[in-house]
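So you can see what is in the structure, the chains are spelled out below.
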Amino acid sequence: MYKWFLAWRYLHTKLIAFFGIASVMLCVAMVLVVMSVMGGFLDTIRERSRGLHSEIVLESGTLQGFPFYEEFQKYLETHHEDVVSVTTPVIYTYGIFRVPATTYTRPARVVGMRLKEYTQVNDFKHGLHYEHYFPGTTHLGMQRMPLGGVDAQQKLVLPADLEAANARWRAEESDAKQLADYAAHPYEIVMYPPSVVLPIQGERVYAFGDEGPGYVGPEKSGVIIGCDLLNERRPDGNFNRHLARGADIALTLMPMSPTGNVTGEPPVRLPLRYVDDSRTGIFEIDDLCIYVDLDMLQHKLAMDPQPLADGGMTSARVNQLLVGLRAGNDLEVSKAVVAAAWEKFLLSLGDQLSMADERALSFVDVMTWEDLQRPFIAAVEKEKVLVTLLFSLISLVAIVLVGCVFYMIVEKKTRDIGILKAIGASAQGVAGLFVVYATAVGVCGAILGILLGSVFVWNINDIQAFLASLNPQLRVWSPEVYSFDKIPEIVKTWDAVGIAVVAVLASVVGSFIPAAIAGRIWPVDALRYE
């Protein structure tokens, strides 16, 4: 009992103990901040990677794609309707992206999809900019350019369907700030003709002219463009746009045969209309990808059924088949089910496969979204482990500091130790006193460190903003550079508990040598000390 009493007395009466508490507190806070921020990055990466695909993906890994995907879709619907909710094919290839009005040219990864189905298996729809403010107006079919004009009250308005869609958004939106921001600057105006390019940039850009409100120009297929491919990222993480919605886009593609060879036909030039831009939150995607209608792209790339010399037809090809699962199905178990179904399906095809089909189908893998994004996620996981390990090694200074503090306490309390031993305290009891003392120091330091670290993480973006207001060079995190709009501000309970437990154990370990020294002091020598 005396151990707990003396440990409490030493803890709040001796100033030197607060140096030990302070060292533990700062180390705990430092490691918690690092784990919370890096863990937040990893969670965000995983969440956004999950939103790029469906739960299960059949991936060919080749640009020429694989056939018989439609038959397999029907096979899954017939035999595994309890597991699979929806399937949708995807084509991807590469091409040259160009904005005729500005001669802006970039290489791009072209993704062909059926937008309605695609948005049922992932989070793609949540990243569409104009669809957010004008719900139901973004599609990849044939369309003309929207043109604003003047109504009977001499007020600038957009075409009736866009105005109605925006009214629905304003009626359903609960974020007062978004509504206020839109009301202050609903859109920037480009005078059409002659231009579709805004001299200054804004968040929403529409063309206005004497013919409006209405639609102008020939019908062209729609294209959704990655936000970083076309727009300029602002310091607040949002984007400035200079191209009017509905402006002309040109895309040049190179068709490939089922064997992966260039067909020899001239490059395919597609006239498209800019209907929206997409923000997945992953820079490598948003700076490279554009999205077009699958059926149109499939036809232009000659990946739709083609006539054979013997009078037959080839099977249509795609590069991916996205498989959405019904709620409650385990991801890995469902992967095994789909993989087994794919093997049975291939066996059922029998002799109808050509040599080119067999080669194309041999490249197909059944993967989960985690498998597909594993290299990217694994890199961030390793970064988290490495940074946490480095800061944890730095935090080992707490053990050394606690050891030094307790060694000094033992030196100062030699006479007290002698008295305790003279009245019957054992060597183990005296050593235990300092271990208990170290435990108390560790507990206090850990609690204060968790509080300090949590408050820091919860306000980390405000702290950075304050530092940047003092000196712009102190802004270490900028949405202009990184894909994420802000630094993660989540503190996980189990991370905090784990760090606190390790901190207390480290304090105890740091007290072992001083405690052992205290236990070996002879009473006679201790009482003679002063």
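Every residue gets a number counted from 1 within its own chain, in the order that chain's sequence is written. Selection of residues for local features in this predicted model requires a pLDDT of at least 70, selection of side-chain atom pairs for listing and counting requires 80 or more, and totals for whole chains, interfaces and linings are taken over all residues. Values shown for side chains rest on all heavy atoms present in the structure; no hydrogens or waters enter the calculation.

1. A short note on the overall build of the protein chain
Counting secondary structure elements, the protein chain contains 21 helices and 18 strands. For the exposure calls, accessible area comes from a 1.4 Å probe over protein chains only, and a residue counts as buried if that area is under 20% of its type's maximum, exposed if over 50%, partly exposed in between. The proportion of buried residues among the 530 residues of the protein chain is 50%. What makes two residues a contact is simply this: any of their non-hydrogen atoms within 4.5 Å. Sequence-distant contacts, at least 24 apart, represent 80% of the contacts inside the protein chain between residues at least 6 apart. The accessible surface values rely on the Shrake-Rupley method and a 1.4 Å probe; as for residues, cover is taken only from the protein chains in view. Surface exposure of the protein chain reaches about 26100 Å², of which carbon and sulfur atoms provide 62%. Helix numbers and strand numbers start at the N terminus; a helix is a DSSP run of H or I with at least 4 residues, a strand a run of E with at least 2.

2. Let's talk about unusual backbone geometry
Here Tyr192 and Pro193 are connected by a cis peptide whose omega angle stands at -15°. Tracing the backbone shows Pro193 in the loop between strand 7 (188–191) and strand 8 (197–202). A cis amide bond links Pro193 to the next residue, Pro194, at an omega of 15°. Among the secondary structure elements, Pro194 is positioned in the loop between strand 7 and strand 8. A positive phi angle is found at Thr103, which is not glycine, with a value near 60°. As for its position among the elements, Thr103 is in the loop between strand 3 (84–99) and strand 4 (104–113). Residue Thr103 is classed as exposed on the basis of its relative accessible area, which comes to 58%. For Gln154, which is not a glycine, the phi torsion comes out positive at approximately 60°. Looking at the element boundaries, Gln154 is found in the loop between strand 5 (142–150) and strand 6 (156–157).

3. Describing the environment of Ile96
The topology assignment puts Ile96 in strand 3. Take Ile96: its relative accessible area is 40%, and that puts it in the partly exposed class. Ignoring sequence-local partners within four residues, the contact set of Ile96 consists of Thr105, Arg106, Ala250, Leu251 and Thr252.

4. Focus: the nonpolar core
With 75 residues, the main nonpolar core has Leu58 and Phe72 as its most contacted residues. The residues contacting Phe72, other than those within four sequence positions of it, are Leu58, Leu321, Val338, Ala341, Trp342 and Phe345. Nonpolar cores are built from buried Ala, Val, Leu, Ile, Met, Phe, Trp, Tyr and Cys residues. Side-chain atoms within 4.5 Å join them into one set. Membership of the second largest hydrophobic core comes to 21 residues, among which are Val34, Phe41, Ile460 and Ala496.

5. Some thoughts on helix 12 (residues 355–362)
Of all the residues in helix 12, the buried ones are Asp357, Ala360 and Leu361. Looking straight down helix 12, one finds its buried side chains confined to an arc of 95°; they lie on one side. Across from the buried face of helix 12, at angles greater than 90 degrees, the exposed residues are Met355 and Ser362. Residues of helix 12 that are buried in the fold lie against strand 2 (66–67) and helix 11 (331–349). Directions are taken from the helix axis to each C-beta atom, and the arc is the one they span.

6. Some remarks on the pairing of strand 4
Sheet topology note: the strand 3/strand 4 ladder contains nine bridges and is antiparallel. Its bridge partner lying in strand 4, Tyr94 is registered against Arg109. For two strands to pair, DSSP has to find at least two bridges joining them. Where strand 3 hands over to strand 4, the hairpin turn is made up of four residues, of which Thr103 adopts a positive phi near 60°. For strand 4 and strand 15 (residues 289–293), the ladder comprises five bridges, and the chain directions are parallel. Bridging from a neighbouring strand, Met113 pairs with Asp293 of strand 15.

7. Considering the packing of helix 3 (residues 69–79) against helix 11
The axes used here are C-alpha line fits, helices contributing only the stretch in contact, and every angle between their N-to-C directions lies in the interval 0 to 180 degrees. As a packed pair, helix 3 and helix 11 sit with axes 11 Å apart at the nearest point and diverge in direction by 125°. As the angle between them shows, helix 3 and helix 11 are arranged oblique. Of the two elements, helix 3 crosses helix 11, and the hand of that crossing is right-handed. Contacts between helix 3 and helix 11 involve Glu71, Phe72, Tyr75 and Leu76 on the former and, on the latter, Val338, Ala341, Trp342, Lys344 and Phe345. Oblique is the label for any angle not under 35 degrees, not over 145, and not in the 65 to 115 range, which are roughly parallel, roughly antiparallel and roughly perpendicular in turn. Two helices that cross are described as forming a left-handed crossing if the nearer one is turned anticlockwise from the farther one by less than a right angle, and a right-handed crossing if clockwise.

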